[in-house]
Every structure is written in C-alpha cells, then in structure tokens.
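Structural overview
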Amino acid sequence: METAVRFDAVSRIFGDVRAVDSVTLDVHEGEFFAMLGPSGSGKTTCLRLIAGFERPTSGDVNIFGQNSTNIPPYRRPVNTVFQDYALFPHLNVQDNVAYGLKISGVGKAERHRAADEILEMVALGGHSKRKPSELSGGQRQRVALARALVNKPRVLLLDEPLGALDLKLREQMQSELKALQRQLGVTFVFVTHDQGEALSMADRVAVFNDGKIQQLDAPQVLYYKPQTAFVADFVGSSNVLPPDMVARLTGRSVQASLRPEAISLSDTGLEGVVAEHSFLGANTRLKVDVSRTQISVLLPKGAQIPNDGDHVNLSWDAADLHVMAGDNE
Ligand code: ATP
C-alpha cells in the first residue's frame, strides 16, 4: 500500500502558539483517515499543511512520496471541502462543479459532462440548473463535495464538512460519505471534533490535543484500549481510575480506563454511593462516588435502577480494566 501523506516531525508555530507540535503520521492510500480533537488542537492546521495553504515551520510534508515544501496548492493532487462550502452564489450547480475544470482549460461540453457524472454520484442529477440558494443544506454540502471530486484528486481533505447540518442529516451524510469513499477509492482526510463521527466513518483516527497526536489507531482500539487519560475521556467518555484505586484493585499503581457499559451492579465489588442517575432511553447512566473518584455506569434497559444516595457495589470483567501506559495525568 502506498503512503498518500506523510508528516515527518512537522511543526507549525504562530507567534508563541505551537499549533502543530512535531507531528509524525502516515495516511495510507485509499484510507478514510480522521483527525479528531477539541477546538484549537491543530487539526485544521494539519489539513492546511497538506493542502499547501500553510508551510511547516519545521519538518517535512510528503505527498505520494514527494516532498511538498515547494509545491504550490494548485499543483498538489489534493482538494478541500470546506465547512462553509464556499459555493459561488451566482453560478448554477453544474457550473459550480465544473468551475475547476474551466480554470484548467477543459472545454464546455467535456466539463459539463464530467460535472453531470459526479452530480449523479452524489444524488443531485436533477438539480444541475439550480442556484445554491435554491438548495437545502445537505444538497449544498453535496455540491461542495462534487466540486472537489470533479478534479479527480488523489486525496480529498474535508474540514468539518457536516458541521452545518442537523443531527439526522449528519447521520445520513456520514453513511453516504463513507459509501462514496469506498466506491471511489480516493483517500479521505477528515477533520472533526465529533468522536461519534470519527469512530463511525474512519479506518483510522488520529486523536489530537494541544498540537500533538495522543494516539493514532483504528476506532475499536481507541475505544477499548486508549493509551492516555485524554483519549479515554474524549473518545466515548470512559472512566479513568486513578493509580491508588487501581493499586487497591490489582496491586499495580497505574492509571486505568474502564468503560461505563462494562460495569454492572452486584453484591460484591467496589463500594460506592449513587450521586445521580439519568434516564437516556435505551440506557440509564449512574454517577457513583467511590472515594474521591466519580465513576460513570451505563445500565442496560431492564436493569434495576438504584436511588440517589443508595450504596452499591460495582463489578466488571478483569479484562475490561485497561491499564494506560501513555501518560501520568
Ligand atoms: P477548530 O476545531 O476550532 O477549527 P483545530 O483543532 O482545527 O480547531 P487549528 O485551527 O489548527 O485547530 O488551530 C490550532 C491553534 O493554532 C489554535 O490555538 C489557533 O488559535 C492557532 N492558529 C491557527 N491558525 C493561526 C493563525 N493563522 N495565526 C495565529 N494562530 C493560529
């Protein structure tokens, strides 16, 4: 498998902000790669470094094996879909999509044919003569996608492309985007702060915090084997048990993560007091105080729900307690 994008100790510093701090990563060709992290963690800057809108302060960005330092954005085999879509309001859908080809000198008949082919693919076949203002948010998002794909980039960069959509449409577009990526085989690099979105779509996810990658792994590995307290908390709100508690349970003084759904109430086990409970539909979430730590427990439908203030015992399979090697926060 060829490497589509490689960062080798890349940093981008703005004044005294280390927006990207010595990041090393590989994106494989044909992969759906997500960059996940809170606001300000450096994801967008990484995307702009790939696109060529930013240059590294130090380190190298390689695209398909070529050092990209002196390659301007328009010569890179990449294209970007922006969150605000950036469509031309005065052009119809077909001309918006065909615009890039027009600039590269492709004739009218040919560029309209290419635009129509991509518009079919994103289920907008019948809308080519409409203006962007005559489309719904989801349809505008698809036009932006078609416009980026029509140039046949080898890497498509997507910066929070579903951020402006409501929840239901977001979920629908998540499956559509993933299906489209599989169909086209184009490498997707997707930036999001939504962990559900990253886990459900990506082959691998790089979790960013403070300009650094905390962990880069497949979704299941991030979820079940977080390497740091930050990843445990950010990817699916896992409990992080402090070293003194883990020492009492296992004899080893280390931090460990424990998923809320792996815990059940039983007659023996870790003792605690229910601080609050909330009904979530399919589950009920309990917050249980165990000495100085609050542990979140997700009880399935049908489980007996204790009252706030009740004393309970928590238990789990030993295999669900995951020791974290990555940090000592
Ligand atoms: P968001 O999800 O909010 O877009 P992000 O993870 O994409 O966040 P970046 O946009 O990469 O984060 O920003 C990382 C840090 O770099 C932030 O502290 C930001 O303020 C800073 N930064 C980004 N671009 C610039 C710039 N052109 N000048 C100065 N600081 C910048």
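Residues numbered from 1 in each chain as written. Predicted model: local features only at pLDDT ≥ 70, side-chain atom pairs only at ≥ 80, totals over all residues. Heavy atoms only, no water.

**Quick look at the environment of L165**
Examined against the element boundaries, L165 turns out to sit in the loop between β7 (155–159) and α5 (167–184). In sequence terms L165 and G272 are 107 residues apart; their C-alpha atoms lie 41 Å from each other. Aside from chain neighbours lying at most four places away, what touches L165 is Y85, G137, G138, Q141, R170 and M173. (Helix = DSSP H or I, 4+ residues; strand = E, 2+ residues; numbered from the N terminus. Contact = heavy atoms within 4.5 Å.)

**Quick notes on the site of the ligand**
Around the ligand lies a shell formed by F14, V17, A19, P38, S39, G40, S41, G42, K43, T44 and T45. Separating an oxygen atom of the ligand from a backbone N or O atom of G42 is a distance of 3.0 Å. The separation between an oxygen atom of the ligand and a polar side-chain atom of T45 is 2.5 Å. Contact with the protein chains covers 58% of the free accessible surface of the ligand, which is 630 Å². (Near = heavy atom within 4 Å. Polar contact = N/O pair within 3.5 Å; in protein donor to acceptor, adjacent residues only side chain to side chain. Areas by Shrake-Rupley, 256 points an atom, 1.4 Å probe, with all protein chains shown as cover.)

**Some thoughts on the domain arrangement of the protein chain**
Each assigned domain of the protein chain is listed with its residue range as follows: domain 1 (3–230) and domain 2 (237–323). Between the C-alpha centres of domain 1 and domain 2 there is a distance of 38 Å. Each side of the interface is counted separately: domain 1 has five residues, and domain 2 has six residues. When the two sides are added together, the surface that domain 1 and domain 2 hide from each other amounts to roughly 520 Å², 52% of it contributed by carbon and sulfur. Summed over the three residues of domain 1 that lose the most area to domain 2, namely Y223, P226 and A229, the buried surface amounts to 74% of that side. Linking domain 1 to domain 2 there are zero salt bridges. For the pair domain 1 and domain 2, the number of links is three residue pairs in polar contact (both at pLDDT 80 or more). By residue class, the composition of the side of domain 1 that touches domain 2 is four nonpolar, no polar and one charged. (Domains from an automatic or database assignment. Buried area = accessible area lost by both parts, 1.4 Å probe. Salt bridge = Lys/Arg side-chain N within 4 Å of Asp/Glu carboxyl O. Nonpolar A, V, L, I, M, F, W, Y, C, P; charged D, E, K, R; others polar.)

**Things to note about the sheet that holds strand β15 (residues 283–290)**
The sheet built from five strands is open, its strands ordered β13-β17-β14-β15-β16 with antiparallel pairing. Looking at strand neighbours, the two that pair on one side only are β13 (264–266) and β16 (293–300), the edges of this open sheet. Averaged over all adjacent pairs, the angle separating strand axes in this sheet is 50°, with direction ignored. In terms of strand pairing, strand β14 (residues 270–279) meets β15 through six bridges, oriented antiparallel. Bridge pairing in β15 places E276 opposite K287. (Pairing = 2+ DSSP bridges. Axes fitted to C-alpha atoms, helices over the stretch in contact; angles between N-to-C directions.)

**Structural notes on unusual backbone geometry**
Trans is the prevailing form of peptide bonds, just as negative phi is the prevailing case for residues other than glycine. Of note in this structure, E160 is not a glycine but carries a positive phi near 45°. Positive phi, normally seen in glycine, also occurs at D210, with a value near 50°. Its location among the elements puts D210 in the loop between β9 (204–209) and β10 (212–217). A residue is classified by how much of its surface remains accessible, and D210, at 59% relative accessible area, is exposed. (Buried < 20%, exposed > 50% of the residue type's maximum accessible area, 1.4 Å probe, protein only.)

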